[in-house]
Amino acid sequence: MAVNRYLRSKQMVSCLVVSALLLSLAACGNDPGERALTGGGIGAGVGVGAALLGAPLIPAVLVGGAVGAATGAITSPKEINLDK
């Protein structure tokens, strides 16, 4: 039982780290619409990754896409710009 709990917590930490790294890429583009669209796509991808680690697929993709889209829409190119 303790090993199962350890593996589950390790999966959760891995999911959170990957999510944070991918969300840092969520704001690609110049205008808020582009940034929301790309952020939503990347966030949905993070949701699929979370589903591979054991989260329910549909809620993970919906929440990941929504968080990514919101992050992309509310950030400006000056805050996060991967072109430079």
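Data block above holds the structure.
Residues numbered from 1 in each chain as written. Predicted model: local features only at pLDDT ≥ 70, side-chain atom pairs only at ≥ 80, totals over all residues. Heavy atoms only, no water.

K.L.:
Describe in detail the overall build of the protein, supporting the description with residues and values.
P.N.:
For the protein, the helix and strand inventory stands at three helices and zero strands. The secondary structure elements of the protein, listed N-terminal to C-terminal, are α-α-α. Residue pairs in contact within the protein that sit at least 24 positions apart in sequence constitute 65% of those at least 6 positions apart. (Helix = DSSP H or I, 4+ residues; strand = E, 2+ residues; numbered from the N terminus. Contact = heavy atoms within 4.5 Å.)

K.L.:
Run through the side chain of R35, naming residues and quoting values.
P.N.:
Relative to the helices and strands, R35 resides in helix α2 (residues 32-52). Side-chain polar atoms of R35 contact the backbone oxygen of T75, separated by 3.2 Å. (Polar contact = N/O pair within 3.5 Å; in protein donor to acceptor, adjacent residues only side chain to side chain.)

K.L.:
Quick one: what's the story with the environment of V67, residue by residue and with numbers?
P.N.:
Take V67: it is sitting in helix α3 (residues 57-74). Taking the C-alpha atoms as reference points, V67 and A44, 23 residues apart in sequence, are found 8.8 Å from one another.

K.L.:
Requested: an account of the environment of G68, with residues and values cited.
P.N.:
Within the element layout of this structure, G68 appears in helix α3. Looking at G68, the relative accessible area reads 0%, which means it is buried. Each C-alpha atom, one on G68 and one on G39, is 4.3 Å from the other, the two residues being 29 residues apart in sequence. (Buried < 20%, exposed > 50% of the residue type's maximum accessible area, 1.4 Å probe, protein only.)

K.L.:
How would you summarise a nonpolar patch on the surface if you had to cite specific residues and measurements?
P.N.:
Among the surface-exposed residues, V48, L52, L57, I58 and L62 lie close enough to one another that they form a single nonpolar patch of about 530 Å² accessible area. Contributions of two or more residues to the nonpolar patch are made by α2 and α3. With three residues, the top contributor of residues to the nonpolar patch is α3. Locating L52 in the fold gives a position in helix α2. (Patch = residues over 30% accessible without salt bridge, like charges linked within 9 Å, V, L, I, M, F, W, Y side chains within 5 Å. Areas by Shrake-Rupley, 256 points an atom, 1.4 Å probe, with all protein chains shown as cover. Salt bridge = Lys/Arg side-chain N within 4 Å of Asp/Glu carboxyl O.)

K.L.:
Account for the packing of α2 against α3, naming residues and giving values.
P.N.:
One way to put it is that α2 packs onto α3 with a least axis distance of 6 Å and a crossing angle of 150 degrees. By the angle class used here, α2 and α3 are roughly antiparallel. Considering only the axes of α2 and α3, their crossing is right-handed. Of the residues in α3, those in contact with P32, R35, A36, G39, G40, G43, A44, G47, V48, A50 and A51 of α2 are L57, A60, V61, G64, G65, G68, A69, G72 and A73. (Axes fitted to C-alpha atoms, helices over the stretch in contact; angles between N-to-C directions. Parallel < 35°, antiparallel > 145°, perpendicular 65-115°, else oblique. Left-handed = near helix turned anticlockwise from the far one by under 90°.)

The analysis is restricted to geometry; functional conclusions fall outside its scope.
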